[in-house]
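Coordinate inspection notes
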Amino acid sequence: MAAYILRRLVSTVAVMAIVGIFIFLLLRLAPGDPAAIIAGRSATEEIIAGIREQLGLNDPMPVQFLRWVRDMLGGDFGTSIFAGRPVLELISQRLEPTLSLSILTMILAVTVGVSFGILAAWRTGGIVDRLLAAFSALGYSVPVFVSGYFLIYFFAIRTHWLPVQGYVPIDSGLGPWFVHLILPTVALSLAYIAFIARVTRASMLEVLSEDYMRTAAAKGASSYAMLFHHALKNAGVPILTVIGISFAYLIGGVVLTETVFNIPGIGRLVVDAINNRDYPIIQSVLILTSGLYVLVNLTIDLAYTLIDPRIRY
Amino acid sequence: MPISRRNLFKAGIAAGTALSIPSVLRAQTMPTAARTVRMVKEDLRVFDPIWTATNITADHGMAIYDTLFALDSKFKPQPQMVGKWGVSDDKKTYTFELRDGLGWHDGTPVTAADCVASIRRWGQVAPGGQLLMEQARDISKKDDKTFTIALKEPLGLLIDILADLTPPCLFIMREKDASLSATEQVSTRIGSGPFKFNEALLRPGASYTYDRNEQYVPRKEAPDGFAGGKVVKVDRVVWDNISDQQTAFAALQAGEIEFLQHPPVDFFSVIESDPNLELPVLDRTGKDMLLRLNFLQKPFDNVKARQAMLHLIDQEAFMRVMVPDPKYVTTVTSIFGDETLVSNDENTGWYKKGGDPEKARQLFKEAGYAGEKVVILQSTDWAASNNGSQFLAAELRKIGVNAELAPSDWGGLTTRRANKGPVENGGWNMFITSEADYSLGNLLATPLLLANGDKAWYGWPKNDEYEALRAKWASVETLEERKALARKMQGIWWDFVGDVRLGKYIEPIAHRKTITGLIGMPQIVPMWNMQKTSA
């Protein structure tokens, strides 16, 4: 097991290195000049050239690359060209909103999605199953900017029950923190509920049709025991995979939700950085996100051993 | 302790209480919501108002820094930090004395040395400042409160240059900050203005907080434009960066914010019908939309092709694409803007309501246009450029011009516009840009009215006769003389077609009716004098 974990961690470093080179080249080869954006729309070429020189953007690409790698190996992820602050400080400021939204979304999506999926599988063709089919179609097809504005209109503008936008840090009080996250969590979780419910239903149906389930039923096992002790445990591996991948995707993929509900998270940090060509931020976030993806996948793989003792590394 | 449901419940309550304590403590020191105004503007990406020439950073500068002179509502310069000033008989030496009570946010007094260093730094980048540095024999402090500017030759526009509000404006910074090169960003945010920047609440990309500077001593005069007493009537102003326009508007409707600088055009009618909202125009001078043509490449290296563009443009139709409500748009035919002191109607016979596509087709033919590709740089993240470029391409195709759009974001456009080569090598032929109408009235502030070839702004227009007249601009003493000079320059400009005007847009702002006392000036929204009443 230890050797397996070590191998996977080494592969994480390799993935991050490849991503780093790719991102560095992509950013430098793509059109766009941070100096021109800093200088403003009507700035002259002379002023833009001065800023470019000051930022070190005139240095040859290999020099810039080696400088970046050297600094990063020393733990320095660079300074934002625009904000003038260390990139890690900016990322850490944005991590809390994104993690809060992602965790709440996963809690809601897993709770509702798995429950829906089990019920639908247990009564295939019944009312819950049909409702799930309809809900899944809706959850997949309604983009977050539609469901988001819909929720804002009814629950913030019409009724004033919940705030339209913004994020309150958790250390400013659990109540305000939670209240500001209700609408974005609901809007974001719709698609994930649909996804997890469909996968749970499919996995459960497969397990429920196994011989040992018929044997359990013949031996008089209760519905509860059959569903939760026998079926869900055996259907757990694909469900866990979906949950893990969804969570990893959420960390880097909540841009639209963060934009609609004005949550200052990682997604918006990257989008703003791309618009501004703030290279140090883009490079650092993408590298760290790639590492996170690999680590989440590793965690899922290790978690398999907990629910299925046949799996060994 | 055994883990029971009851113990778990108790632990949950204790954790919740502990997490709430910081907010309780903070609430005791925070200004009340009734004395806090929340505004949505653009994102404040850069804090140094000399390092960048963007309006939003100038807005930030106006809050935390102060200026030597300031323009009143009639655009006349008035002393602001300066108490007394005078000029020698030969009009070559100006002496300035700072008024009493000026102090930095760190508690130290503002000195003449700070002013001298600030002028020198600003003089590296601002067009007016660069002219001043060329003309200056010496800029030095006499004592802690007095400094002089000695000139080689009289410069009639000196005070106007010092007071100009086209970014980068002359904000006075501490000497140690102003000693940096203008191409190096100042990292501190300590000014002497009526607001203090709250570093503890800074959330880059999300929110920026300004607290009332209780030590600030305003002038005694009533506020008038940027001049007069800067009396702050709220405790705190927060700039929230809400990138989604619809969300920003919903926040305004719900009362979560009080001010929206760029309300979406589609919502104007909704705002007008909402009893809690207002849609006033603060910047009555507006923004002129312009089309830059590349003088170095075919077909616009030929004056006939440039004249064709002048005749092709239907300003009313173009502006309708941008702003459906005609109340906020107008045509513009003067190179000096529509409402400046030097706007005029010289040589504007080319203007025809609806444009003249037939004449444009004829002129392209006379220019020897043979179907070569005409590349329009289209900025897809700027609605005016995005929509306007598509409209432009369609109009060109109607008269047989092989127009091709080159879409990218503004960042991509800024790279490509610097390419002077032919379109086959990544060059370009035209792109849409904008300039404040006010700035076009001041030749020393805008680079868009230069026609000195390689040194001119993108498009690199060149005309020696025009440039000879432009060189006289700063030395002309009276407004009447300047108006006469402006007419001559405009006559030449429209003959060689230095650029093409597309119309003017006056953008209203939206705010809740609880906000009063907003000062209307071009480009910058000052936060002093603003009041918040209960809903």
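Worth saying up front: this structure is predicted, and the values here are computed from it rather than measured.

So, the pairing of strand E6 (residues 93-98) of chain B
Residue and element names in this part refer to chain B. Side chains Tyr-94, Phe-96 and Leu-98 of E6 all project onto a buried face; the interleaved residues Thr-93, Thr-95 and Glu-97 project onto a face where none is buried. In the sheet, strand E5 (residues 82-87) pairs with E6 via 5 bridges, with the strands oriented antiparallel. Looking at E6, one finds that Val-87 is bridged to Tyr-94. Between E5 and the antiparallel strand that follows it, E6, lie 5 residues; Lys-91 among them carries a positive phi value of about 60 degrees. Sheet topology note: the E6/strand E8 (residues 146-151) ladder contains 5 bridges and is antiparallel. When the sheet's bridge partners are listed, Tyr-94 is paired in E8 with Ile-149.

Notes on the UniProt feature "domain: Solute-binding protein family" (unreviewed entry) in chain B
In the numbering used here, UniProt assigns the "domain: Solute-binding protein family" (unreviewed entry) feature to residues 76-441 of chain B. When the span residues 76-441 of chain B is considered, its composition is 28% helix and 21% strand, and the gap between its end C-alpha atoms is 13 Å.

Some details on the pairing of strand E20 (residues 500-505) of chain B
Residues and elements named next belong to chain B. Within E20, 6 of the 6 residues are buried, which leaves the element mostly enclosed by the surrounding structure. Pairing analysis gives 5 bridges linking strand E15 (residues 287-293) to E20, with the strands arranged antiparallel. Paired with Lys-287 across the strands is Tyr-505, a residue of E20. The sheet contact formed by strand E16 (residues 329-330) and E20 spans 2 bridges and is antiparallel. Counted as the bridge partner of Val-329 is Tyr-505 from E20.

With respect to the UniProt feature "transmembrane region" (unreviewed entry) in chain A
Residues and elements named next belong to chain A. Here the UniProt feature "transmembrane region" (unreviewed entry) sits at residues 9-27, 99-119, 131-157, 177-197, 235-261 and 281-307. Across residues 99-119, the secondary structure splits into 100% helix and 0% strand, with the terminal C-alpha atoms separated by 30 Å. This span, residues 177-197, is 100% helix and 0% strand, and a straight line between its end C-alpha atoms measures 28 Å.

A closer look at helix H3 (residues 112-122) of chain B
By the criterion of burial, H3(B) is predominantly enclosed, with 10 of the 11 residues buried. For H3(B), every residue scored as buried is listed here: Ala112(B), Ala113(B), Asp114(B), Cys115(B), Val116(B), Ala117(B), Ser118(B), Ile119(B), Arg121(B) and Trp122(B).

Some words on unusual backbone geometry
Residue and element names in this part refer to chain B. Backbone torsion omega between Pro-167 and Pro-168 reads 0 degrees, so that peptide bond is classified as cis. Its place among the elements puts Pro-168 in the loop between helix H5 (158-163) and strand E9 (171-172). The phi dihedral of Phe-75 is positive, around 65 degrees, even though this residue is not glycine. A positive phi angle, near 50 degrees, is found at Trp-460, a position not held by glycine.

Things to note about the sheet that holds E5(B)
Residue and element names in this part refer to chain B. Pairing is antiparallel in the open sheet, where 4 strands are placed in the order E5-E6-E8-E7. The sheet is open, and its two borders are formed by E5 and strand E7 (136-143), each paired with just one other strand. Pairwise comparison of adjacent strand axes, ignoring direction, gives a mean angle of 15 degrees for this sheet. Against the sheet, H3 makes contact with E6, E7 and E8, and its axis sits at roughly 160 degrees relative to E7, the strand it touches most. Sheet contacts for helix H4 (residues 127-135): E7 and E8; angle to E7, the most-contacted strand, approximately 90 degrees.

Considering empty space enclosed by the protein
By the definition in use, this model includes 4 cavities of 30 Å³ or more. Taken as a whole, the largest cavity encloses approximately 180 Å³ of empty space. Lining the largest cavity are 18 residues, with Ala83(A), Asn276(A), Asp43(B), Pro204(B) and Gly205(B) sitting closest to its centre. Elements that contribute at least two residues to the lining of the largest cavity include exactly helix H5 (87-122) and helix H12 (266-276) of chain A. For the lining of the largest cavity, the element with the most residues is H12(A), which contributes 4 residues. Its residues placed into classes, the lining of the largest cavity shows 10 nonpolar, 3 polar and 5 charged.

So, how was this worked out
- Throughout this description, residue numbers start from 1 for each chain and increase along the sequence as written.
- Numbering of ligands from 1 and lettering of chains from A proceed in the order in which they are written.
- Predicted model: local features are reported for residues with pLDDT of at least 70 only, side-chain atom pairs are reported and counted for 80 or more only, and whole-chain, interface and lining totals are derived from all residues.
- The side-chain figures draw on all heavy atoms in the structure; neither hydrogens nor water molecules are used.
- Between buried and exposed lies partly exposed: a residue is buried under 20% and exposed over 50% of the maximum accessible area for its type, with that area taken using a 1.4 Å probe on protein chains only.
- The numbering of helices and of strands both runs from the N terminus, where a helix is a DSSP run of H or I of at least 4 residues and a strand a run of E of at least 2.
- When DSSP finds two or more bridges between a pair of strands, those strands are recorded as paired.
- UniProt positions are given in the numbering used here, feature names are shortened, and annotations may be inferred rather than shown by experiment.
- The axes are straight lines fitted to the C-alpha atoms, using for helices just the contacting stretch, and the angles between their N-to-C directions are given from 0 to 180°.
- Note on definitions: a residue-residue contact is assigned when non-hydrogen atoms from the two residues lie within 4.5 Å.
- Cavity: a set of points on a 1 Å grid over the protein atoms alone where a 1.4 Å probe fits but cannot get out. Pocket: an open set with protein on both sides within 12 Å along at least five of seven lines, its lining residues, like those of a cavity, having an atom within 4 Å of a point.
- Grid points are joined across faces, edges and corners, and a volume is the space filled by probe spheres set on the points.
- Only Asp, Glu, Lys and Arg are considered charged, only Ala, Val, Leu, Ile, Met, Phe, Trp, Tyr, Cys and Pro nonpolar, and every remaining residue, Gly among them, polar.

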